[in-house]
Amino acid sequence: MSRATPPVGVPGGKQAEMPAVLQRYELKYTIPRWQVAEVEDFIRPYVFMDAYSERCEGGFYRVNSLYLDSPDLLFLRTRICGAQDRFNMRVRTYGEVPGLPWFAEIKHKSGETVRKTRAVIRDADLEDVLLGAAREWEDPKLAEYRHHVLTYNARPWVQTSYQRKAFISHCDDYARVTFDIGLEYAPQERFDPTPNLAEMAPSDAEPLYDPETSVILELKCYTSYVPSWMLDLIRCFDLRRRGFSKYTAGMIPTLQRLGYDGFPFEYAGGEF
């Protein structure tokens, strides 16, 4: 599998690098596994397969995310409270045994709009990259990420991993359809974005998914408009939009394993 930056679509069926800053809608649904093939058939006239998916058996490639939060879990609390203006932080890697580069991402949500900022990391000492001084040769976008790390004293809390099949529109400036399966998590307190798959546990808590569903379907597009074929897809399959946070799906069981119980996640042994 290639370790290059995952590409995105441009008209004509070609691929371009993922923009460093991307503002988009993210429409999320959960569907049964058998429905994946039907959705693929529906979208086929409008999309082509992501380069990562194209190179992987069955079209699914592994996506790993190391999530950071403050000591008092500020990012998680604002997510669960449904704050209209919130963000989370992660370091993303790809593959069973991911190599460099890694990607530092901030996902900021304001109302219905998601703004994702991505910075490339080319040094394997992640802790030094995020807590140390800036280097002349580093990605300029790392400055914003490092500022958030230092401002919120953000540290690793949980690692998630899942398999993704992705499609890219060839008739829109930016539109993607992704299917995610096998969501797993593991507590992680080290600045190490490489998952130990042997330690991962399934994130299959029943409230996360609609009944008899196991696939997370996401439709992503620019905020300027939702493509008509996406709207037709939603109507044809009677898709019911829902929130789904992979970070929350991993953090809740992680906190339970660490001795935190219930909202607002008070530590069983005393003060938080």
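Residues numbered from 1 in each chain as written. Predicted model: local features only at pLDDT ≥ 70, side-chain atom pairs only at ≥ 80, totals over all residues. Heavy atoms only, no water.

1. Side note on the environment of E127
In this fold, E127 is placed in helix α4 (residues 126-131). The exposure class of E127 is partly exposed, given its relative accessible area of 42%. The spacing of E127 and R190 is 63 residues in sequence and 8.4 Å in space, taken between C-alpha atoms. Apart from residues no more than four positions distant in its own chain, E127 is found in contact with G132 and F191. (Helix = DSSP H or I, 4+ residues; strand = E, 2+ residues; numbered from the N terminus. Buried < 20%, exposed > 50% of the residue type's maximum accessible area, 1.4 Å probe, protein only. Contact = heavy atoms within 4.5 Å.)

2. Examining helix α5 (residues 142-152)
For α5, the full list of buried residues reads L142, Y145, R146, H148 and V149. Projected down its long axis, α5 shows its buried positions confined to an angular sector of 160°, all on one face. In α5, those exposed residues whose orientation departs by more than 90 degrees from the buried face are H147 and L150. Contacts made by the buried residues of α5 are with β5 (61-69), β6 (85-94), β7 (102-110), β8 (113-121), α4 and β9 (155-169). Count one or two residues on from α5 and you reach N153, which has phi positive near 50°. (Arc of directions from axis to C-beta.)

3. Observations regarding the nonpolar core
I31, I43, V177, F179, L217, L219 and L239 are the most contacted members of the largest nonpolar core, which has 23 residues in total. Looking at this core, the elements with two or more residues in it are β3 (21-31), α1 (35-43), β10 (175-187), β12 (215-222) and α6 (228-236). One finds I121, V129, L142 and V149 within the second-largest nonpolar core, a separate group that totals 19 residues. (Core = buried A, V, L, I, M, F, W, Y, C linked by side-chain atoms within 4.5 Å.)

4. A few points about the confidence of the model for the protein
Considering every residue of the protein, the mean pLDDT works out to 88; 88% of them sit at 70 or more. Segment residues 266-272 is flagged for pLDDT under 50; beyond a separation of four residues in sequence, or across chains, it makes 14 contacts in the model. (pLDDT = per-residue confidence, 0-100.)

5. Quick word on α1
Among all positions of α1, only Q35, V36, V39, E40 and I43 are buried. Across the axial projection of α1, the buried residues extend over an arc of 140°, all falling on one side. Packed against the buried residues of α1 are β3, β4 (47-49), β9, β10, β12 and α6.

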